[in-house]
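Structural overview
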Amino acid sequence: EAGVVQSPRYKIIEKKQPVAFWCNPISGHNTLYWYLQNLGQGPELLIRYENEEAVDDSQLPKDRFSAERLKGVDSTLKIQPAELGDSAVYLCASSYQNRGLFFGPGTRLTVL
Amino acid sequence: AQSVTQLGSHVSVSEGALVLLRCNYSSSVPPYLFWYVQYPNQGLQLLLKYTTGATLVKGINGFEAEFKKSETSFHLTKPSAHMSDAAEYFCAVSEADNAGNMLTFGGGTRLMVKP
């Protein structure tokens, strides 16, 4: 079984530029999560999808962050414009029923 | 609301020594508890989880954890550390009524293993 796939693995951009991250969850997993992990800290939930519906986006900074999961499968997280403080690892995870979360390798974003 | 506190952001042990990583949680409802491991430049991998039943939970790579409700703790242990255990470890809590899918993570503990 393939795991959660994320791309790109690394991204370096200048501040004020846009950036997008892509996630393909494990096949059959209806729940998809985007987490933010700052250096030396635990992951923090940004948004959770049940199929194509965002059911918890209370921690997503909506002025610059957006996400979509149009067909209830893969998802894209976008930042526009990026700020220096957005430098972090962005983790995608998926789950099915109560079988726990499976994480992708993450995208490490560096904003210069 | 729920939260997790991991005591000690860095723990160093000698190879072959006991590993003890501490985790305390707070939750207003019965918790599900998890330990994840993160190797450099990789995602988080589930080590073990407690949902209901036996309070001593065994996981992969020889790790185990014990749920102690009276102490609100879920400490992770391994009898004998191996060099390959060097990684970052995260404790997480979820409320049982959402099927364990809404995780709140602790700040992590970096385990270093000395030869």
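Given the structure is predicted, the values throughout are model-derived calculations rather than measurements.

1. Notes on the nonpolar core
In this structure, Trp 35, Leu 48, Leu 76 and Tyr 89 of chain B are the most contacted members of the largest nonpolar core, which totals 27 residues. Elements represented by at least two residues in this core include exactly strand E2 (10-14), strand E3 (19-21), strand E5 (31-38), strand E6 (44-50), strand E8 (64-68), strand E9 (73-78), strand E10 (87-95) and strand E12 (109-114) of chain B. Not counting chain neighbours up to four residues away, the residues in contact with Leu 76 of chain B comprise Val 19, Leu 20, Leu 21, Trp 35, Leu 47, Leu 48, Phe 63, Glu 64, Ala 65 and Tyr 89 of chain B. Of all hydrophobic cores here, the second largest spans 22 residues; its members include Ile 13, Cys 23, Trp 34 and Leu 60 of chain A.

2. Brief notes about the sheet that holds strand E8 (residues 75-79) of chain A
Residues and elements named next belong to chain A. In space, the 4 strands of this open sheet follow the order E1-E3-E8-E7, with antiparallel pairing throughout. Across the chains shown, the open sheet's two edge strands, defined by having one partner strand only, are strand E1 (5-7) and strand E7 (65-68). The average undirected angle you get between the axes of adjacent strands in this sheet is 15 degrees. Where strand E3 (residues 19-24) lies against E8, 5 bridges are found, and the strand directions are antiparallel. Residue pairing for E8: Ala 20 is matched across the bridge by Lys 78.

3. What to know about the state of the cysteines
Following the criterion strictly, the structure yields 2 disulfides over all chains and no others. Two residues share a disulfide in this structure: Cys 23 of chain A and Cys 92 of chain A, whose sulfurs sit 1.9 Å from each other. Residues Cys 23 of chain A and Cys 92 of chain A are joined through a disulfide that is left-handed, its torsion about the S-S bond being -70 degrees. Here the residue Cys 23 of chain A occupies a position in strand E3, and Cys 92 of chain A occupies one in strand E9 (residues 88-95), the gap between them amounting to 69 residues. Judged by relative accessible area, Cys 23 of chain A falls into the buried class, the value being 0%. One disulfide bridge connects Cys 23 of chain B with Cys 91 of chain B, the sulfur atoms lying 2.0 Å from each other. Across the disulfide from Cys 23 of chain B to Cys 91 of chain B, rotation about the S-S bond amounts to roughly -65 degrees, and the bridge is consequently left-handed.

What counts and what doesn't
- Residues numbered from 1 in each chain as written.
- Chains lettered and ligands numbered in written order.
- Predicted model: local features only at pLDDT ≥ 70, side-chain atom pairs only at ≥ 80, totals over all residues.
- Heavy atoms only, no water.
- Core = buried A, V, L, I, M, F, W, Y, C linked by side-chain atoms within 4.5 Å.
- Buried < 20%, exposed > 50% of the residue type's maximum accessible area, 1.4 Å probe, protein only.
- Helix = DSSP H or I, 4+ residues; strand = E, 2+ residues; numbered from the N terminus.
- Contact = heavy atoms within 4.5 Å.
- Pairing = 2+ DSSP bridges.
- Axes fitted to C-alpha atoms, helices over the stretch in contact; angles between N-to-C directions.
- Disulfide = S-S within 2.5 Å.

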